[in-house]
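Spelled out from the first residue to the last, the chains are:
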Amino acid sequence: NPHAYSRAKASGLWQFIPSTGKNYGLRQDWWQDNRRDIVAATHAALNYLERLHDMFGSWELALAAYNCGEGCVGRAIAANQKRGLPTDFLSLRLPPETMHYVPKLVAVKNIVLGPALYGIELESIPDQPYFTTVAAPEKIDVKLAARLAGMPEDEFVALNPSHNKPVAVAHAGTLVLPLDKADTFRANLESWDKPLVTWTTVPGRKGEAVDAIARRYGLSAATLKQVNNLHVNKKGRLTAAQPVLVPGRGAPVVTQVAATRPAPAPLTAAPAKGA
């Protein structure tokens, strides 16, 4: 679930907290949160795990540090060294969540490598890619990108979950599409002769009524809130000045936007200190 979000503000498939995500090049801004990008975040996680393995010398300790933090594992090792005790994973005093986290991952690995040993049948998965990355313009409406690829908008969003708005911002110059839709997207994009973006930003003033902004641009207040994740008070007014994304002049009336933001409620347990 790339929209998984923990109490510790860890986000995405690899549960990066904001600071570690930034350290590993995962952009987080008004437009997108690349901790949810399934390609970028996976590369970042592999780089981070490799660094932790180099630091601690074992995958068990690297995974433990990924869960509770490298400082947590480092202190546990130092404490055991001071008492002349072993410093392998099972000998350390670590948070209970971490002591369960690592064995669970090892168990999953063992089951996948030898399911018959555990009386389990796993569904066969073809050894071939399902998705690929394609060159894309810097900004394009999510709805239009899905249309050019010939796929449902919700499926496009599922493969490109980092975008916070109904505009896909391809800072890296790519979008993720099913392998069998890539050529369709490229051909349709090349022949597209209309605007790629039908949204624009306007300044929202502190205290301005959301209903009034919505009416001005032909939106419902609910849609405007969904698109912008607006912070409003009980009277429905903006609590701070902020940019507001609205349909541009001549754009079609928007009645519904595919959900591009993560669910606000935590979906996973918080890591002890977080990756």
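Residues numbered from 1 in each chain as written. Predicted model: local features only at pLDDT ≥ 70, side-chain atom pairs only at ≥ 80, totals over all residues. Heavy atoms only, no water.

A. Geometry of the nonpolar core. Formed by 24 residues in total, the largest nonpolar core has its most connected members in Val 73 and Leu 94. The set of elements that each furnish at least two residues to this core consists of α2 (40–56), α3 (59–68) and α4 (70–82). Not counting residues within four places of it along the chain, the set of residues in contact with Val 73 comprises Phe 56, Leu 61, Ala 64, Ala 65, Cys 68, Leu 92 and Leu 94. Judged by nonpolar contacts, the second largest core, of 21 residues, contains Leu 148, Ala 168, Ala 170 and Ala 182. (Core = buried A, V, L, I, M, F, W, Y, C linked by side-chain atoms within 4.5 Å. Buried < 20%, exposed > 50% of the residue type's maximum accessible area, 1.4 Å probe, protein only. Helix = DSSP H or I, 4+ residues; strand = E, 2+ residues; numbered from the N terminus. Contact = heavy atoms within 4.5 Å.)

B. Seen up close, the environment of Arg 36. For Arg 36, the location among the structural elements is in the loop between α1 (18–23) and α2. A relative accessible area of 3% places Arg 36 in the buried class. Taking C-alpha positions, Arg 36 is 22 Å from Val 197, a pair spaced 161 residues apart along the chain.

C. The arrangement of the packing of aromatic side chains in detail. Under the defined criterion, the tally for this structure stands at five aromatic pairs. A ring pair is formed by Phe 16 and Tyr 48, whose centres lie 6.4 Å apart and whose planes are at 40 degrees; its orientation type is tilted. Within this pair, whereas Phe 16 is found in the segment before α1, its partner Tyr 48 is found in helix α2, the two being separated by 32 residues in sequence. Between the aromatic rings of Trp 30 and Trp 31, the centroid separation amounts to 5.0 Å while the plane-to-plane angle is 85 degrees, which identifies the pairing as edge-to-face. A relative accessible area of 16% means that Trp 31 is categorised as buried. Joined through ring pairs, the aromatic side chains of Phe 16, Tyr 24, Tyr 48 and Tyr 66 make up one cluster. Lying across the ring of Trp 30, Lys 165 places its NZ or CZ 4.2 Å from the centre. (Phe/Tyr/Trp six-rings, centres within 6.5 Å; stacked < 30°, edge-to-face > 60°. Lys NZ or Arg CZ within 6 Å of the ring centre and 35° of its normal.)

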